[in-house]
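Fold and contact review
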Amino acid sequence: MTSGARRDSAFAPIAVALDAPDEATFDEWVRAVSPSVRCLKVGLEVFCRQGPQALERARHQAASVGRDDIEIFCDVKLHDIPATVGKAATALAPLAPTYLTVHAAGGPEMVAAAVEALPTTRVTAVTVLTSLDAEQLGALGITGSPQEIVLRWARSAIEAGALALVCSPQEVSILRAHVPADITLITPGVRPADSAADDQRRTATPERALADGADLLVIGRPITGQDDPAAAARALATTLLS
Ligand code: C5P
């Protein structure tokens, strides 16, 4: 069962990864894609270059094209002792991100610290990084199949108050079957059928990821890497909303 209520939107269930090389490009991409999508994702690269103000900048640029309702996704994957994560999350509170990522591997107390600091944000747990396979996890002493670990860590994060999970297209159907319907499943590694995979390995089309139960698709280069990002976002939105 999917959380269909969140799909009832005029905007495509896409979080555009704004991995921009400079502020001018960042602004340009925000204005180009905002008329079509539900969410803008500010990741570590931009956050480290532009600072937390990048969230405000995204919101401001989106508002300039009439989208003052756009969701803002702060994807900085916090992972530290609970007190530090709590204080970092408190520092982000004035920016009121819709989503904030934290590593489930930081443990339930750490996730709970972020939840407590940001009661109106959907604290989003990243389980196993998709760059880690079973062999690398085993070498780190983390046993079980990646799917078992994902499920175990997802449950722990949800019990600690996380309201969303980041998961690969490979995990979305198993998570959808095992976590409450109101938990937002956010899926990167999404590629329209006619797009290059870039460095993503285990990809799925947007249609497949949504059919498997994803609520929000992280899509970057298939939109921002095009000559006309506005047209690319519009075309994807038309396909997904029709
Ligand atoms: O669509 P594209 O590959 O350009 O999207 C890349 C974005 O998705 C980056 O911001 C990256 O951090 C994020 N991401 C990912 N794989 C994950 C988690 C997040 O590519 N497993």
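Our structure is the block above this text.
Quick look at the structure, then. (Residues numbered from 1 in each chain as written. Predicted model: local features only at pLDDT ≥ 70, side-chain atom pairs only at ≥ 80, totals over all residues. Heavy atoms only, no water.)

Let's talk about the overall build of the protein chain
Of the regular secondary structure elements, the protein chain holds 11 helices and eight strands. The C-alpha atoms of the protein chain give 17 Å as radius of gyration, which agrees with the globular expectation for 242 residues (18 Å, within 12%). In the protein chain, the share of contacts with a sequence separation of at least 24, taken over all contacts with a separation of at least 6, comes to 66%. Total accessible area on the protein chain stands at roughly 10800 Å², and carbon and sulfur atoms take up 53% of it. Treating the 21 positive side-chain charges of the protein chain as one cloud and the 29 negative ones as another, the clouds have centres 2 Å apart. (Helix = DSSP H or I, 4+ residues; strand = E, 2+ residues; numbered from the N terminus. Rg over C-alpha atoms; globule rule 2.2 N^0.38 Å. Contact = heavy atoms within 4.5 Å. Areas by Shrake-Rupley, 256 points an atom, 1.4 Å probe, with all protein chains shown as cover. Lys, Arg positive; Asp, Glu negative; His and termini not counted. Charge placed at Lys NZ, Arg CZ, Asp CG, Glu CD.)

What to know about the site of the ligand
All residues in the neighbourhood of the ligand are listed as Ala17, Asp19, Lys41, Thr130, Pro188, Arg191, Gln200, Val218, Ile219, Gly220, Arg221 and Pro222. Between the ligand and the protein, one listed contact pairs an oxygen atom with a side-chain N or O atom of Asp19 at 2.8 Å. A distance of 2.7 Å separates a nitrogen atom of the ligand from a polar side-chain atom of Thr130. The protein chains hide 81% of the 470 Å² of surface that the ligand would expose on its own. Taken together, the elements giving at least two residues each to the shell around the ligand come down to β8 (216–219) and α10 (221–224). (Near = heavy atom within 4 Å. Polar contact = N/O pair within 3.5 Å; in protein donor to acceptor, adjacent residues only side chain to side chain.)

So, the pairing of β8
Side chains of β8 alternate between two faces, with Leu216 and Val218 and Leu217 and Ile219 buried alike. By the bridge criterion, two bridges tie strand β7 (residues 184–187) to β8 in an arrangement that is parallel. By the bridge assignment, Ile186 is partnered in β8 with Leu216. For the segment spanning β7, helix α9 (residues 206–211) and β8, crossover handedness is right-handed. (Buried < 20%, exposed > 50% of the residue type's maximum accessible area, 1.4 Å probe, protein only. Pairing = 2+ DSSP bridges. Right-handed = clockwise from strand over helix to strand, strands pointing away.)

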